[in-house]
Amino acid sequence: MNQRAFLQGMDAAIADAFLDMGMADAAQYQAAGVDVPCRVLVDRAAQFFEDTGDIVGRRTVVTIFLAEVPAPMRGALLRLASGDVLRLDARVEADESMQKWVVTHG
């Protein structure tokens, strides 16, 4: 097993536990004819900072697990089980097993 496979497996186990505790959301990822069930973490008040350290605003950020959605694309939709619809706008962080995206609503 390589590091990528290990991290993706570990993140899948964490996502399952978070979903069971109500700290993650079930969703459908939709883009370019692809419709994939997935689990996401939603932070509705992520802080963004200037170089000086001052807070410049808050955004909604989602974490997408690459084991479920291997190549998230800008403009794709996440339809949460709650009925919320989020559109991927800008990737802000990534590693071998997950990506974080700023999203817009609707």
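Residues numbered from 1 in each chain as written. Predicted model: local features only at pLDDT ≥ 70, side-chain atom pairs only at ≥ 80, totals over all residues. Heavy atoms only, no water.

A.B. asks: Tell me about the pairing of strand β6 (residues 98–105), and name the residues and values.
C.D. replies: Across 7 bridges, the pairing between strand β5 (residues 85–94) and β6 is antiparallel. Residue pairing in the sheet places R87 in a bridge with T104 of β6. Counting the residues in the hairpin turn of β5 and β6 gives 3 residues. (Pairing = 2+ DSSP bridges. Helix = DSSP H or I, 4+ residues; strand = E, 2+ residues; numbered from the N terminus.)

A.B. asks: Report on the confidence of the model for the chain, specifying residues and quantitative values.
C.D. replies: It should be kept in mind that the predicted coordinates are not to be read in detail where pLDDT is low. With 98% of its residues at a pLDDT of at least 70, the chain reaches an overall mean of 89. Element-level mean pLDDT values for the chain span from 83 in helix α1 (residues 3–21) up to 97 in strand β4 (residues 77–80). (pLDDT = per-residue confidence, 0-100.)

A.B. asks: Please give an account of the side chain of T60 that cites residues and values.
C.D. replies: Within the secondary structure layout, T60 lies in strand β3 (residues 55–65). Separated by 3.2 Å, the side chains of T60 and H105 make a polar contact. When near neighbours in sequence (up to four residues on either side) are disregarded, T60 contacts V42, D43, R44, W101, V102, V103 and H105. (Polar contact = N/O pair within 3.5 Å; in protein donor to acceptor, adjacent residues only side chain to side chain. Contact = heavy atoms within 4.5 Å.)

A.B. asks: Could you give an account of the environment of A45, with specific residues and numbers?
C.D. replies: Following the sequence through the fold, A45 ends up in strand β2 (residues 34–49). Residue classification places A45 among the partly exposed residues on the basis of a relative accessible area of 41%. Here the alpha-carbon distance between A45 and L78, two residues 33 residues apart in the chain, equals 18 Å. Non-local contacts of A45, meaning those with residues more than four positions away in its chain, are made with R58 and R59. (Buried < 20%, exposed > 50% of the residue type's maximum accessible area, 1.4 Å probe, protein only.)

A.B. asks: Give a detailed account of a nonpolar patch on the surface, specifying residues and quantitative values.
C.D. replies: Together, M1, F6, M10 and I14 make up an exposed nonpolar region whose accessible area comes to about 450 Å². Here F6 lies in helix α1. (Patch = residues over 30% accessible without salt bridge, like charges linked within 9 Å, V, L, I, M, F, W, Y side chains within 5 Å. Areas by Shrake-Rupley, 256 points an atom, 1.4 Å probe, with all protein chains shown as cover. Salt bridge = Lys/Arg side-chain N within 4 Å of Asp/Glu carboxyl O.)

A.B. asks: Which residues make up the pattern of salt bridges, and what are the values?
C.D. replies: The tally for this structure, following the rule as stated, stands at 4 salt bridges. For R39, the salt bridge identified is with D16, shortest N-O distance 2.0 Å. With R39 in strand β2 and D16 in helix α1, this residue pair connects regions lying 23 residues apart in the sequence. On the basis of relative accessibility, which here comes to 13%, the residue R39 falls in the buried class. D89 is the salt-bridge partner of R74, the closest N and O atoms lying 2.9 Å from each other. Highlighted residues: R74 in the loop between β3 and β4 and D89 in strand β5, separated in sequence by 15 residues.

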